[in-house]
Amino acid sequence: WWAKQRQVNDAHDGTLSGYGHILLVIHYLQHIGLVPNLQDKRPIPAEERGALGVEELVDGLHDVWFLDPALPAAEPHLAAWLENAPDSATLL
């Protein structure tokens, strides 16, 4: 509604689509720590990554690994993120 009222949600007119706006919101929420970044490998030891998601390079360049939250082995990593996640009330 916000974007539509300001006429900035139409990719045909050279503005971002609704999908583009959603990606920006998700990126922001990941940046402030309210939503986990499932592609961040830093907190996970290299020897555990294969058990938590598929490691592969697309075109030999682009790393598309992500933490699969459906795997039981991912639970401790997601729990650790939840412990350190900011309270949403403090962000407002």
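Refer to the structure printed above.
Computed from a prediction, not measured in an experiment: that's the story for all the values here.

Rules and cut-offs
- Residues numbered from 1 in each chain as written.
- Predicted model: local features only at pLDDT ≥ 70, side-chain atom pairs only at ≥ 80, totals over all residues.
- Heavy atoms only, no water.
- Helix = DSSP H or I, 4+ residues; strand = E, 2+ residues; numbered from the N terminus.
- Rg over C-alpha atoms; globule rule 2.2 N^0.38 Å.
- Buried < 20%, exposed > 50% of the residue type's maximum accessible area, 1.4 Å probe, protein only.
- Contact = heavy atoms within 4.5 Å.
- Areas by Shrake-Rupley, 256 points an atom, 1.4 Å probe, with all protein chains shown as cover.
- Lys, Arg positive; Asp, Glu negative; His and termini not counted.
- Charge placed at Lys NZ, Arg CZ, Asp CG, Glu CD.
- Core = buried A, V, L, I, M, F, W, Y, C linked by side-chain atoms within 4.5 Å.
- Polar contact = N/O pair within 3.5 Å; in protein donor to acceptor, adjacent residues only side chain to side chain.

### Regarding the overall build of the protein chain
No. 1: Across its full length, the protein chain holds 5 helices and 2 strands.
No. 2: Across the protein chain, helices and strands are ordered from the amino to the carboxyl terminus as α-α-α-β-β-α-α.
No. 3: In terms of overall size, the protein chain is more extended than a compact globule, its C-alpha atoms giving a radius of gyration of 17 Å where 92 residues would be expected to give roughly 12 Å.
No. 4: Overall, the C-alpha framework of the protein chain stretches about 50 × 40 × 20 Å when taken along its three principal axes.
No. 5: Sorting the 92 residues of the protein chain into buried and exposed places 14% on the buried side.
No. 6: The contacts of the protein chain with a sequence gap of at least 6 include a subset with a gap of at least 24, amounting to 32%.
No. 7: Looking at the protein chain as shown, the accessible area adds up to about 7,200 Å², and 59% of this sits on carbon and sulfur atoms.
No. 8: For the protein chain, the distance from the average position of its 5 positive side-chain charges to the average position of its 13 negative side-chain charges is 10 Å.

### Considering the nonpolar core
No. 1: The biggest cluster of nonpolar side chains holds 5 residues, and these are Ile 44, Leu 52, Trp 65, Leu 67 and Ala 74.
No. 2: Sequence-distant contacts of Ile 44, that is, excluding residues within four places in its chain, are made with Arg 49, Leu 52, Trp 65, Leu 67 and His 77.

### Considerations on the side chain of His 77
No. 1: Structurally, His 77 can be placed in helix H4 (residues 75–84).
No. 2: A distance of 2.9 Å separates a polar atom in the side chain of His 77 from a polar atom in the side chain of Glu 48.
No. 3: In contact with His 77, other than residues within four places in its own chain, are Ile 44, Pro 45, Glu 48, Leu 52 and Leu 67.

### Focus on the side chain of Arg 49
No. 1: With respect to the element layout, Arg 49 can be found in helix H3 (residues 46–52).
No. 2: Not counting residues within four places of it along the chain, the set of residues in contact with Arg 49 comprises Lys 41, Ile 44, Glu 55 and Trp 65.

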